[in-house]
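# Residue-level structural notes
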Amino acid sequence: DYAEKKDTMYGDRFLVTDVQIAFAPRDDLLGPSGGRTRKEALKLANGVLRRASSGIEFDKIAREVNEKRDGTFFSRRLRVRNTGNGRHLYEQAKLLEDGQVSRPFETLAEVHVIRRERWIPAPTFEDVADLIRQRLAFRKAHEYLEEQMGNPQMVEIRWGTPKRGP
């Protein structure tokens, strides 16, 4: 398990501050959504970058973004790994030095500007051995229970009706 996932699940990660700006995809299946366009999202992201480049603290910019209380334009601090939805942020953070701010980049329906806070090295096998043992034991127990649930000799389902009255 460790060898298989050493570059993703158990690999190194980055702590980043992510300013995320959502936009409505052009090919929305339900028709026009009335949301922010990609162009508007890029304009907002470039404004974040411009302010950061002018010397304004990125933490201050991130706080101001969140004070707007807009669920489509917000900031958050994340640990990102080279797996799943975090892969795009991980790849961008990998290109930066600690404290550097990225240029705006796009994912599926968002534009991001990130600041890389710090690199977190991958844990050694010894560091995660107990966690891996727990995960493997859970997986085996789950597989065993799934197998037994399909065995009519092990599981009997009774559909009785509840008794009424004394």
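Structure shown above.
Residues numbered from 1 in each chain as written. Predicted model: local features only at pLDDT ≥ 70, side-chain atom pairs only at ≥ 80, totals over all residues. Heavy atoms only, no water.

### What about the nonpolar core?
For soluble globular proteins, the rule of thumb is that nonpolar side chains tend to be buried together. Which entries qualify depends on this criterion: Each nonpolar core is a collection of buried residues, namely Ala, Val, Leu, Ile, Met, Phe, Trp, Tyr and Cys, held together in the definition by side-chain atoms within 4.5 Å. Using a 1.4 Å probe on the protein chains alone, a residue whose accessible area is under 20% of its type maximum counts as buried, one over 50% counts as exposed, and one in between counts as partly exposed. The helix and strand labels rest on DSSP assignments: H or I over at least four residues marks a helix, E over at least two residues marks a strand, and numbering proceeds from the N terminus. By definition in these notes, contact holds between two residues if any of their heavy atoms fall within 4.5 Å.
Counting residues in hydrophobic clusters, the biggest one holds 13 residues, and the most contacted among them are Val-19, Val-48, Phe-58 and Phe-73. Secondary structure elements with two or more residues in this core: β1 (13-22), α2 (38-53), α3 (58-67) and β4 (110-120). For this core, the element with the most residues is α2, which contributes 4 residues. Leave out the neighbours within four places in its chain, and Val-48 touches Val-19, Phe-58, Ile-61, Phe-73 and Val-113.

### Notes on unusual backbone geometry
Unusually for a residue other than glycine, Arg-69 sits at a positive phi of about 50°. With respect to the helices and strands, the residue Arg-69 is situated in the loop between α3 and β2 (73-80). Relative accessible area serves as the criterion here: at 77%, Arg-69 is assigned to the exposed category.

### Section: the pairing of β4
Formally: Pairing between strands is defined by DSSP: at least two bridges between the two strands are required.
A large share of β4 lies buried, amounting to 8 of its 11 residues. The pairing of β1 with β4 spans 10 bridges and is antiparallel. The partner of Phe-14 across the bridge, within β4, is Trp-119. Pairing analysis gives 2 bridges linking strand β3 (residues 105-106) to β4, with the strands arranged antiparallel.

### Details of the side chain of Arg-13
Which entries qualify depends on this criterion: In this tally Asp and Glu are treated as negative and Lys and Arg as positive; neither His nor the chain ends contributes. In the sections that follow, a salt bridge refers to a side-chain nitrogen of Lys or Arg positioned within 4 Å of a carboxyl oxygen of Asp or Glu.
Mapping Arg-13 onto the fold places it in strand β1. Buried and without a salt bridge, Arg-13 has Asp-12 as its closest oppositely charged side chain, separated by 7.3 Å. Arg-13 has contacts with Arg-79, Val-80, Arg-81, Tyr-90, Arg-118, Trp-119, Ile-120, Pro-121 and Pro-123, leaving out every residue within four places of it along the chain.

### Regarding the packing of aromatic side chains
Cut-off, in case you're wondering: The rule is short: rings of Phe, Tyr and Trp, with Trp giving its six-membered ring, pair when the centres are within 6.5 Å, and they are stacked under 30 degrees, edge-to-face over 60, tilted in between.
Within this structure, the stated rule accounts for 1 aromatic pair. Here Phe-14 and Tyr-90 contribute two aromatic rings whose centre-to-centre distance is 5.2 Å and whose plane-to-plane angle is 50°, an arrangement assigned as tilted. You can see Phe-14 sitting in strand β1 and its partner Tyr-90 sitting in helix α4 (residues 87-94), a full 76 residues away along the chain. No difference in accessibility class separates Phe-14 from Tyr-90, as the two residues are buried.

### Examining the pattern of salt bridges
One pass over the structure, following the stated rule, counts 10 salt bridges. Between Arg-36 and Asp-70 there is a salt bridge; the shortest N-O distance is 3.1 Å. Here Arg-36 is found in the loop between β1 and α2, whereas its partner Asp-70 is found in the loop between α3 and β2, with 34 residues between them in sequence. Accessibility expressed as a relative area gives 17% for Arg-36, which makes it buried. Taken together, the shared-partner salt bridges in this structure form one network comprising Asp-59, Arg-77, Arg-115 and Glu-117.

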